[in-house]
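Report on the structure
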Amino acid sequence: SQLPVPVIAKEVGWGISAQTAKRLVDAGVSTIDVAGAGGTSWSQVEMYRAETEAQARLAAAFISWGIPTAESIKMVKTAAPQTPVIASGGIKSGIDIAKAIALGANMGGMAGTFLKAANQSSEMVSQTINELVREIKVCMFGAGVGSLDELKNTSLYKRAE
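A brief structural summary. (Residues numbered from 1 in each chain as written. Predicted model: local features only at pLDDT ≥ 70, side-chain atom pairs only at ≥ 80, totals over all residues. Heavy atoms only, no water.)

Taken as a whole and assessed by the stated rule, the structure comprises 3 aromatic pairs. An aromatic cluster is defined as three or more aromatic residues linked by ring pairs; in this entry it consists of Trp 14, Phe 62 and Trp 65. (Phe/Tyr/Trp six-rings, centres within 6.5 Å; stacked < 30°, edge-to-face > 60°.)

As structure tokens, this is what we get:
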């Protein structure tokens, strides 16, 4: 709260609980990226980086640990309803972004989808962006809404769980 710039708190794959969201907002965080379980497993990354078998086993024990992204979005919005939420962690498509927005997120973030496209070509990155936009638009059409703000007020989240 004492910094002159907005602060975004980002989890790294285990999600953010309601209690943690409240503490972050009370500390002055302006936006929360839930980065829930379901995306990159940093436990698995640590498993591969381990220098001993014991370290690898410890990391492996936490591969499925964490709050799934969808659940984390709902927890954060309950604890801090006015705080903008970025949904990341397992977001791989425009459909995933639409579901996250219907759950209360303000936007979605992804890396793997773009890294795979960039590994092929810059044209594939452009194509990927266009496909994501089309998927979101089809979701909006299917939900009978004309904007992302309206998507937040749909019952799409009931089907997304």
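After presenting the structure, the write-up continues.
With respect to the helices and strands, the residue Ser 17 is situated in the loop between strand E1 (8-10) and helix H1 (18-26). For Ser 17, a relative accessible area of 17% gives the class buried. Only 3.3 Å separates the side chain of Ser 17 from the side chain of Gln 19, close enough to count as a polar contact. Contact partners of Ser 17, with chain neighbours within four places excluded, come to Ile 67, Met 75 and Val 76. (Helix = DSSP H or I, 4+ residues; strand = E, 2+ residues; numbered from the N terminus. Buried < 20%, exposed > 50% of the residue type's maximum accessible area, 1.4 Å probe, protein only. Polar contact = N/O pair within 3.5 Å; in protein donor to acceptor, adjacent residues only side chain to side chain. Contact = heavy atoms within 4.5 Å.)

Okay, the side chain of Thr 31 next. Tracing the backbone through its elements, the reader meets Thr 31 in strand E2 (residues 31-33). Excluding its chain neighbours within four sequence positions, the residues that come into contact with Thr 31 are Val 7, Ile 8, Ala 9, Thr 83, Pro 84 and Ile 86.

To continue, consider the nonpolar core. Across soluble globular proteins, nonpolar side chains show a tendency to be buried alongside one another. Ile 32, Ile 73 and Val 76 are the most contacted members of the largest nonpolar core, which has 24 residues in total. Contributions of two or more residues to this core are made by helix H4 (69-79), strand E3 (85-87), helix H5 (94-103) and helix H7 (122-143). With 5 residues, H5 is the single largest residue contributor to this core. What Ile 73 contacts, discounting residues up to four positions off in sequence, is Val 34, Ala 87, Ala 100, Leu 103, Gly 104 and Ala 105. (Core = buried A, V, L, I, M, F, W, Y, C linked by side-chain atoms within 4.5 Å.)

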